[in-house]
Amino acid sequence: MIDIAGILMENILYVVLITLGGVLISWSVHFVPVGGAPAAMAQATGIGTGTVQLAAGAGLTGLVTAGAMMQITNNAGLILASGAAGAMIMMAVTMIVGTWVYVYGVGCPPASAKVKYDPITKDRQDLYVSQGTEGHGLPTVSYVSGVIGGALGGIGGSLIYYSLMSIENGLALPDLVGMASVFAVGIFFVNAVIPSYNIGGTIEGFHDPKFKRFPKAVLASFVATFFCALLGVLAIGGL
Amino acid sequence: MSAGGSGAAAEAIPQNKIIAFGVAGGLIGIYAAYFLVDIVGSYMSFIGALGAICGMVWGAASVRRVASYGLGTGVPSIGMLALGMGVLAATFGLAVGGVAGPVIALIAAAIIGLMVGVLANKVLKMGIPIMEISMTEIATAGTITIIGLAIAMTGTFDFPVILSQVISTGYIAVIFIAGGLAILHPFNACLGPDETQDRTLICGLEKGAIAMIVAGIVASINEGASGALTILIGLAIWYVAFAGYYDRVKRDAYIVVGTGLLPSKEELE
C-alpha cells in the first residue's frame with residue numbers, strides 16, 4: 001500500500017489547484033449559451049446542444065492546447081493562457097457558425113426573449129422575437145458570455161491538467177500524460193454535468209435569470225472535485 | 001409509466017436483482033478473467049468483457065430508473081457522468097490496490113457517486129427521491145464497465161500493463177465511448193410512453209456486445225489477451241440480443257391504443 005498521508009502532504013497545493021479548476025469549470029458552464037433541442041429548431045437562444053457536450057468540447061480543446069504548450073514550457077501562466085485561448089476559440093467558432101446557420105439557413109434574426117434590451121449593444125430585442133418562441137440565434141450578449149465561459153473553462157481544464165502533470169512520481173512521460181489526461185477528462189465530465197443539473201435545460205448567458213443559481217453548482221462542484229482531486233493525486237503520486 | 005416524465009418507472013425485474021446481477025456478475029467476470037488467464041491461457045480474457053456487460057446492463061437499468069423522473073438535461077449527460085466518475089475510481093483503484101484493485105475501485109466509485117447524488121438532491125435541489133442510490137449505482141456500473149473492458153483488452157488488471165496498453169495508447173477513449181454508449185443509449189433510444197424494461201435492457205445488452213467486439217479487436221494486438229474468442233462471443237451475443245430487441249420492438253410497436261377524438265364541449269360538461 002502507499003503512504004497516503006505523505007503523498008497528500010507533499011501535493012496539497014495541487015489538490016487545491018485541481019479543486020479550483022473544477023470550480024472554474026462549473027462556473028464557466030453557466031456562461032455558455034445552451035439551447036438544447038429547442039435551439040436546434042430555432043425556438044430558443046443558444047447553441048442547439050446540451051451543456052455537457054459544449055462544456056466537454058470547450059474543456060477538451062483547452063486541454064489539448066494546454067498540453068501542446070506544456071511541450072515547450074513549464075510556465076504556469078503561459079499554459080493557462082493557451083488553455084483559455086484554445087477553449088475561447090472553440091466556443092467562438094461554434095457560436096459564429098451557429099449564428100450563420102440561424103441567420104442564413106433558418107432565416108431568423110438573433111434575438112433574446114429574456115431581456116428587452118441587449119445589455120451590451122442596447123439594441124431592442126422583443127420586437128424581433130418570433131411568437132411562441134423563447135428567442136432565437138445568438139444575440140451579442142450571449143456570444144460574449146459564451147466566450148467568457150470558454151475562457152473560464154479552458155483555464156479550469158488546463159489548471160487541472162497542469163496540476164496533475166506536476167505531481168511528483170516515478171512515471172515515464174507518456175504514461176504520465178495518459179494518466180493526467182484520463183483524470184482531467186473524468187474530472188471535466190463530472191464538473192460539466194453537475195452545473196447542467198443546476199441549469200436544467202437552457203440558459204442564455206450571464207443576463208439569464210438562471211445564471212444567479214451558479215453559487216449552488218459551484219459549491220457542489222467544490223465538494224465533488226475535492227474528492228476527485230484526492231483520488232487523482234493519490235493515484236498518480238503513489239506510482 | 002415511464003416516458004421521461006416524472007415518476008417511478010415500471011419494473012418487471014426488481015432493481016435489487018439487477019444490482020446483484022451487476023455487482024456479482026461484474027466482479028466474478030473481472031476476477032475470473034484475471035485468474036483464468038494466468039492458469040488456463042490468454043484466450044480466457046473474454047470473461048472480463050462478460051463482466052463488463054453485466055455492469056453495462058446494470059448501468060442502463062439505473063439510468064432508466066433515474067432518468068424516468070426527468071432530469072431536464074437529456075439522458076446522455078448521466079452516461080457521461082457515469083464514465084467520468086468511473087474512470088476516476090477505476091484508475092485510482094487499480095493504481096493503489098494490487099489484487100484488491102477492482103474492489104477498491106468499486107468502493108471509491110460508490111463514495112463519489114453517493115456524494116454527487118447527495119449534492120444533486122441537497123444542494124442543487126433536484127428533488128429526485130432515488131438520486132443518491134442511482135448515482136451510486138451508475139458510478140459503480142461505470143467502473144465495472146471500464147475495468148472489465150480493460151481486462152478483455154489486456155488479460156490482466158495489473159496497473160503497469162493497463163497503463164501502458166490501455167491508458168497511454170488511448171484505448172481508454174474507446175472504452176469511454178463504447179461503454180458510455182451502452183449505459184446512456186438504451187433509455188435514450190427507447191424512452192416514450194411505450195417504454196418497457198426488458199426492451200431497454202436488451203438494447204443495453206446489444207450495445208454491450210458491440211463494446212465487447214471492439215475490446216476483442218484491441219485485444220488481438222496485445223500479448224496477454226486473445227481477441228478471436230472475444231470477437232466471436234461478442235458477435236454471438238450481439239446477434240441474440242439484436243434479434244431479441246427486434247422481437248420486443250415488434251411486440252411493443254403494433255399495439256396502438258385508440259384514445260378517440262377529443263371530447264366536445266357538451267361532453268365535458
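A look at helix 6 (residues 140-166) of chain A
- Over its 27 residues, helix 6 of chain A runs 39 Å from end to end, which matches the ideal 39 Å to within 8%, given 1.5 Å per residue.
- Helix 6 of chain A sits mainly inside the fold: 22 of its 27 residues count as buried.

Observations regarding the environment of Val37(B)
All names here are of chain B.
- Summarising the element assignment, Val-37 is placed in helix 1 (residues 15-39).
- Taking the relative accessible area as the measure of exposure, Val-37 reaches 13% and is therefore buried.
- When the C-alpha atoms of Val-37 and Thr-156 are compared, they prove to be 7.7 Å apart, with 119 residues separating the residues in sequence.
- Not counting chain neighbours up to four residues away, the residues in contact with Val-37 comprise Ala-32, Ser-42, Met-44, Ser-45, Gly-155 and Gly-224.

Overview of helix 6 (residues 159-167) of chain B
- Among the residues making up helix 6 of chain B, those that are buried are Phe159(B), Ile162(B), Leu163(B), Val166(B) and Ile167(B). Projected onto a plane normal to the axis of helix 6 of chain B, the buried residues spread over an arc of 110° and lie on a single side.
- Turning to helix 6 of chain B, the residues buried within the fold contact helix 7 (173-199) of chain A together with helix 3 (76-97), helix 5 (131-154) and helix 7 (171-190) of chain B.

With respect to the pattern of salt bridges
Residues and elements named next belong to chain B.
- Evaluation of the coordinates by the stated rule reveals ten salt bridges over all chains.
- For Glu-137, the salt bridge is made with Arg-65, and the minimal N-O distance between the two is 4.0 Å. On the criterion of sequence distance, the pair formed by Glu-137 in helix 5 and Arg-65 in helix 2 (residues 46-67) is long-range, its members being 72 residues apart. Arg-65 carries the same exposure label as Glu-137, and that label is buried.
- Ionic pairing is found between Lys-207 and Glu-206, a salt bridge with its closest N-O pair at 3.0 Å. Each member of the pair, Lys-207 together with Glu-206, is buried.
- One salt-bridge network, in which partners are shared between bridges, spans Asp-198, Arg-199, Arg-248, Arg-251 and Asp-252.

Remarks on the packing of helix 2 of chain B against helix 9 (residues 227-253) of chain B
Residues and elements named next belong to chain B.
- Close contact between helix 2 and helix 9 brings their axes to 9 Å; oriented N to C, the two are set at 35°. Crossing geometry of helix 2 relative to helix 9 is assigned as right-handed. Between helix 2, through Phe-46, Ala-49, Leu-50 and Ile-53, and helix 9, the contact on the second element is made entirely by Leu-229, Thr-230, Ile-233 and Ile-237.
- Looking at the contact of helix 2 with helix 9 residue by residue, the class counts come to seven nonpolar, one polar and no charged.

What to know about a nonpolar patch on the surface
- On the surface, Ile89(A), Val93(A), Ile96(A), Val97(A), Trp100(A), Val101(A), Val103(A), Tyr104(A) and Val106(A) cluster together to form a nonpolar patch covering roughly 850 Å² of accessible area.
- As for its position among the elements, Val101(A) is in helix 5 (residues 76-106).

Thoughts on unusual backbone geometry
All names here are of chain A.
- We note that Ala-42 has phi near 60°; this positive angle belongs to a residue other than glycine.
- Structurally, Ala-42 is set in the loop between helix 3 (36-40) and helix 4 (51-70).
- The phi angle at Lys-122 is positive, at roughly 65°, despite the residue not being glycine.
- Its place among the elements puts Lys-122 in the loop between strand 1 (111-112) and strand 2 (135-136).

What about the packing of helix 8 (residues 197-219) of chain B against helix 9 of chain B?
Residues and elements named next belong to chain B.
- Interhelical geometry of helix 8 versus helix 9 gives an angle of 160° and a closest axis separation of 8 Å. Judged by the inter-axis angle, helix 8 sits roughly antiparallel to helix 9. As helix 8 packs across helix 9, the resulting crossing turns out to be left-handed.
- Grouping the constituent residues of the contact of helix 8 with helix 9 by class yields 18 nonpolar, five polar and six charged.

Describing the nonpolar core
- Core analysis: the biggest nonpolar cluster contains 150 residues, and Leu164(A), Met179(A) and Tyr197(A) have the highest contact counts within it.
- Among the elements that make up this core, the one with the highest residue count is helix 7 of chain A (16 residues).
- If you look at the next biggest cluster of nonpolar residues, it comprises five residues, including Cys190(B), Ile202(B), Cys203(B) and Ala241(B).

Structural notes on the interface of chain A and chain B
- Contact with chain A, which involves 35 residues of that partner, is made by 36 residues of chain B.
- With both sides pooled, the region where chain A packs onto chain B buries about 2900 Å², and carbon together with sulfur makes up 85% of that total.
- Interface area lost by chain A to chain B is led by Val182(A), Tyr197(A) and Leu231(A), which between them contribute 24%.
- Linking chain A with chain B are zero salt bridges, by the criterion used here.
- Along the contact surface separating chain A from chain B lie one residue pair in polar contact (both at pLDDT 80 or more).
- Elements with a minimum of two residues in the side of chain A that touches chain B: helix 4, helix 7 and helix 8 (214-237) of chain A.
- Per-element accounting of the side of chain A that touches chain B gives the leading share, 16 residues, to helix 7 of chain A.
- Looking at side-chain class alone, the side of chain A that touches chain B contains 26 nonpolar, seven polar and two charged residues.

Points about the environment of Ile53(B)
Residues and elements named next belong to chain B.
- When you line up the elements, Ile-53 lands in helix 2.
- Taking the C-alpha atoms as reference, Ile-53 lies 22 Å from Phe-159; in sequence the two are 106 residues apart.
- Residues within four places of Ile-53 in sequence aside, it is in contact with Leu-205, Gly-208, Ala-209, Met-212 and Ile-237.

What counts, and at which threshold
- Throughout, residues of each chain are indexed from 1 in the direction in which the sequence is written.
- Whichever chain is written first is A, and whichever ligand is written first is 1; the rest continue in order.
- Local features in this predicted model are restricted to residues of pLDDT 70 or higher, and side-chain atom pairs are both shown and tallied only at a pLDDT of 80 or more, whereas totals for entire chains, interfaces and linings draw on every residue.
- Excluded from the side-chain calculation are hydrogens and water; included are all heavy atoms of the structure.
- Helical segments are the DSSP runs of H or I of at least four residues, strand segments are the runs of E of at least two, and each set is numbered from the N terminus.
- Helix span is expected to be 1.5 Å times the residue number reduced by one.
- A 1.4 Å probe rolled over the protein chains alone gives each residue an accessible area, and that area as a share of the maximum for its type sets the label: buried under 20%, exposed over 50%, partly exposed in between.
- We call two residues contacting when some pair of their heavy atoms lies within 4.5 Å.
- Of all possible arcs, the one meant is that of the directions from the helix axis to the C-beta atoms.
- Between Lys or Arg on one side and Asp or Glu on the other, a salt bridge is scored when a side-chain nitrogen of the former is within 4 Å of a carboxyl oxygen of the latter.
- Here the axes come from fitting lines to C-alpha atoms, over the contacting stretch only for helices, and the angles between their N-to-C directions go from 0 to 180 degrees.
- Throughout, a crossing is termed right-handed when the near helix is turned clockwise from the far one, and left-handed when it is turned anticlockwise from it by less than a right angle.
- Throughout, the ten residues Ala, Val, Leu, Ile, Met, Phe, Trp, Tyr, Cys and Pro are labelled nonpolar, Asp, Glu, Lys and Arg are labelled charged, and all others, Gly among them, are labelled polar.
- Surface patches are drawn from residues lacking salt bridges whose relative accessible area is over 30%; two like charges belong together within 9 Å, two nonpolar side chains (Val, Leu, Ile, Met, Phe, Trp, Tyr) within 5 Å.
- Note on areas: Shrake-Rupley, 1.4 Å probe, and residue coverage restricted to the protein chains presented here.
- Any angle that falls under 35 degrees is termed roughly parallel, while one over 145 is termed roughly antiparallel, one within 65 to 115 roughly perpendicular, and all others oblique.
- Buried residues of nine kinds, namely Ala, Val, Leu, Ile, Met, Phe, Trp, Tyr and Cys, make up a nonpolar core once their side-chain atoms join them within 4.5 Å.
- Note on terms: buried area is the combined drop in 1.4 Å-probe accessible area of two parts once they are placed together, counting the loss on both.
- Polar contacts here mean pairs of N or O atoms no more than 3.5 Å apart (in protein, one a potential hydrogen donor and the other a potential acceptor; neighbouring residues in sequence count only if both atoms are side-chain atoms).

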